[in-house]
Amino acid sequence: MPKANLALTEEHVPRGTARALVVTLLVAVVAFGLSNAALRRELDRRTHNRALWLIQQKWELLERVAGDVDTVVLGDSAGNQGVRPDVLSERLGGAAVNYCTIGDMLAVNDAWMLERHLERHAPPKRVIVVHAYDVWHRSAKVLRHKLLWRVPEPWGFWEEREPKVALESRAAAELFVRRYLPVYYEHKTIAEWVTSPSTLAPAGFSLDGAGYMRLDEAKPDRVKRDAASHVAFLRKRQFSLSKANRNALARLEALGEKHGFEIFLANAPIYEGLRREPQFVRYFAALDRELGQIADASPRLSYVLREPVTFPASAMENADHLTHAAAAEYTAELAKAIATTPTDSAAFK
């Protein structure tokens, strides 16, 4: 009987080639890129972060708006929930659109959005800028490190639009990861989708066709807690207009001068209890003085609602966010102030 051959079978490994290696790497890179792009779309659609959702939605609205617009509204979330385009159209005439995002985008985002709007449309008759009092001191730091990635503009737009925002290499790398590598940056959210399928449901945020966010439920307890946090902030602060916001105002003025429209700066609505606080009175007086001086020196900037329109807690979601009914009242006051402001610009021609 012949002996069994116990020798191991020789394994033949195909010889690799440079071409095969390149193809393998390209396939891996493309697959990784496509999976990240798909995840980015789903994360955007299902996010429960209202601030991030709002930034993207308002920039996308800017691209969807059809036809020319008479009144463009820019600013933060106080304007997003406080300025009703339907009331502006009724009181001032013509079409109105609300591009307001959030406070940490600063007036810098106002200038960027207005520039993009002007690239797509004829100049408006007027531009309204509505910011809460506690936005004007903020620096570009939070914009650079947390929010730029959410703007659906080509990479590097922050160095091409005015005012420019400089990014250090580390901040640029972080922005790249946040924007293009959700598999890495948002891995916790993705893990929650797997372990808790209920988190896959979109949050249900919505805007009307003109960009206004309607909220009907007042939250008086939350308003008072928010006001208390504002007072704590004000105890430690002296007002100073940030460089980024100052540059943004200069850019808005330049665009108004170039295209022949007026820029109306307006104070956001505020909780009546906060308006009475001594800390607020002191801080706001300095802010009012600074904005007033800038407007007085400009042929295109007008400062309206210098005395903020106040509301009870029963008409608000927090210290500067209004319910739908209160927004109609605030917007009517805003339109009245604009209509009675003397100007030689195209705003009333």
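Before reading further, recall that the structure is shown in the block above.
Cut-off values and rules
- Residues numbered from 1 in each chain as written.
- Predicted model: local features only at pLDDT ≥ 70, side-chain atom pairs only at ≥ 80, totals over all residues.
- Heavy atoms only, no water.
- Core = buried A, V, L, I, M, F, W, Y, C linked by side-chain atoms within 4.5 Å.
- Buried < 20%, exposed > 50% of the residue type's maximum accessible area, 1.4 Å probe, protein only.
- Contact = heavy atoms within 4.5 Å.
- Helix = DSSP H or I, 4+ residues; strand = E, 2+ residues; numbered from the N terminus.
- Axes fitted to C-alpha atoms, helices over the stretch in contact; angles between N-to-C directions.
- Parallel < 35°, antiparallel > 145°, perpendicular 65-115°, else oblique.
- Left-handed = near helix turned anticlockwise from the far one by under 90°.
- Nonpolar A, V, L, I, M, F, W, Y, C, P; charged D, E, K, R; others polar.
- Salt bridge = Lys/Arg side-chain N within 4 Å of Asp/Glu carboxyl O.
- Pairing = 2+ DSSP bridges.
- Expected span 1.5 Å × (residues − 1).
- Arc of directions from axis to C-beta.
- Phe/Tyr/Trp six-rings, centres within 6.5 Å; stacked < 30°, edge-to-face > 60°.
- Polar contact = N/O pair within 3.5 Å; in protein donor to acceptor, adjacent residues only side chain to side chain.

> Teacher, can you tell me more about the nonpolar core here?
Across soluble globular proteins, nonpolar side chains show a tendency to be buried alongside one another. Grouped together as the largest cluster of nonpolar side chains are 95 residues, with contacts concentrated most on Leu274, Tyr330 and Leu334. Dropping the residues within four chain positions of it, Tyr330 is found in contact with Gly82, Val83, Val130, Ala266, Asn267, Ala268, Pro269, Leu305, Val309, Phe311 and Leu322.

> Would you explain the environment of Ala66 in this entry?
Summarising the element assignment, Ala66 is placed in the loop between α2 (50-64) and β1 (71-75). Taking the C-alpha atoms as reference points, Ala66 and His121, 55 residues apart in sequence, are found 8.7 Å from one another.

> I keep staring at the packing of helix α10 (residues 220-235) against helix α13 (residues 278-296) and nothing clicks. Help me out?
Across the interface, α10 lies against α13 with an axial gap of 9 Å and an inter-helix angle of 60 degrees. What the angle tells us is that α10 and α13 run oblique. Helix-helix and strand crossings are classified by hand; for α10 and α13 the assignment is left-handed. Between α10 and α13, the residues in contact are Val231, Phe233, Leu234 and Arg235 and Gln279, Phe280, Arg282 and Tyr283, respectively. In terms of residue class, the contact of α10 with α13 is made up of 5 nonpolar, 1 polar and 2 charged.

> Even after reading the chapter, I still don't get the pattern of salt bridges, so can you show me in this structure?
Pairing of side chains with opposite charge becomes possible as their charged atoms draw close. All told, the structure shown has 19 salt bridges when counted by the stated rule. We note a salt bridge from Arg138 to Asp104, for which the minimum N-O separation is 2.7 Å. In this pair, Arg138 is assigned in the loop between β3 (126-131) and α6 (141-147) and Asp104 in the loop between β2 (96-98) and α5 (106-120), connecting sequence segments 34 residues apart. Note that Asp216 and Arg214 form a salt bridge whose closest N and O atoms lie 3.0 Å from each other. Owing to a relative accessible area of 52%, Asp216 belongs among the exposed residues under this scheme. What makes Arg214 partly exposed here is its relative accessible area of 48%.

> How should the pairing of strand β4 (residues 262-267) be read in this particular structure?
Put simply, side chains in a regular strand alternate between the two faces of the sheet. The element β4 is extensively covered by neighbouring structure, given that 6 of its 6 residues are classed as buried. Of the two faces of β4, both are covered, the one formed by Glu262, Phe264 and Ala266 as well as the one formed by Ile263, Leu265 and Asn267. Sheet topology note: the β3/β4 ladder contains 6 bridges and is parallel. By the bridge assignment, Val127 is partnered in β4 with Ile263. As paired elements, β4 and strand β6 (residues 301-304) share 4 bridges and run parallel to each other. If you follow Leu265 over to β6, its bridge partner there is Tyr303.

> Help me understand the pairing of β3 in this model?
When you tally the buried positions in β3, you get 6 out of 6 residues, the bulk of the element. Covered by surrounding structure in β3 are Arg126, Ile128 and Val130 together with Val127, Val129 and His131, the residues of both alternating faces.

> Sorry, what's going on with the sheet that holds β4 here?
Backbone hydrogen bonds hold the strands of a sheet together, and the pairing may be parallel or antiparallel. Taken in spatial order, the 5 strands of this open sheet run β2-β1-β3-β4-β6, and their pairing is parallel. Two strands close off the open sheet at either side, each with one partner strand: β2 and β6. For this sheet, the mean angle separating the axes of adjacent strands, direction not counted, is 20 degrees. In terms of strand pairing, β1 meets β3 through 5 bridges, oriented parallel. Residue Thr71 lies in a different strand from β3, and its bridge partner there is Arg126.

> In this structure, what is going on with helix α7 (residues 169-180)? I would like to understand it.
Think of an α-helix as 3.6 residues a turn; residues three or four steps apart then line up on the same face. Between the first and last C-alpha of α7 there are 16 Å, a value that for 12 residues agrees with the 16 Å anticipated at 1.5 Å per step. Of the residues making up α7, those classed as buried are Ala171, Leu175, Arg178 and Arg179. The arc that holds every buried residue of α7, seen down its axis, measures 90 degrees, which confines them to one face. Opposite the buried face of α7, by more than 90 degrees, sit the exposed residues Ser169 and Arg170.

> How should helix α4 (residues 85-92) be read in this particular structure?
Among the residues making up α4, those that are buried are Pro85, Val87, Leu88 and Leu92. Angularly, the buried residues of α4 cover 155 degrees about the axis, an arc narrow enough to put them on a single face.

> Is there a simple way to think about the packing of aromatic side chains in this case?
The relative placement of two aromatic rings is captured by the distance of their centres and the angle of their planes. Applying the stated rule across the entire model yields 11 aromatic pairs. Seen in terms of ring centroids, Phe280 and Phe284 are 5.5 Å apart; in terms of plane orientation they differ by 10 degrees. Their pairing is stacked. With Phe280 and Phe284 both in helix α13 and 4 residues apart, the pair spans about one turn of that helix. Comparing Phe280 with Phe284 shows no difference in burial state: the two are buried.

> So what exactly am I meant to see when it comes to the side chain of Asp288 here?
As for its placement among the helices and strands, Asp288 is situated in helix α13. Among the polar contacts made by the side chain of Asp288, one reaches the side chain of Tyr303 at a distance of 3.0 Å. Dropping the residues within four chain positions of it, Asp288 is found in contact with Tyr303 and Arg306.

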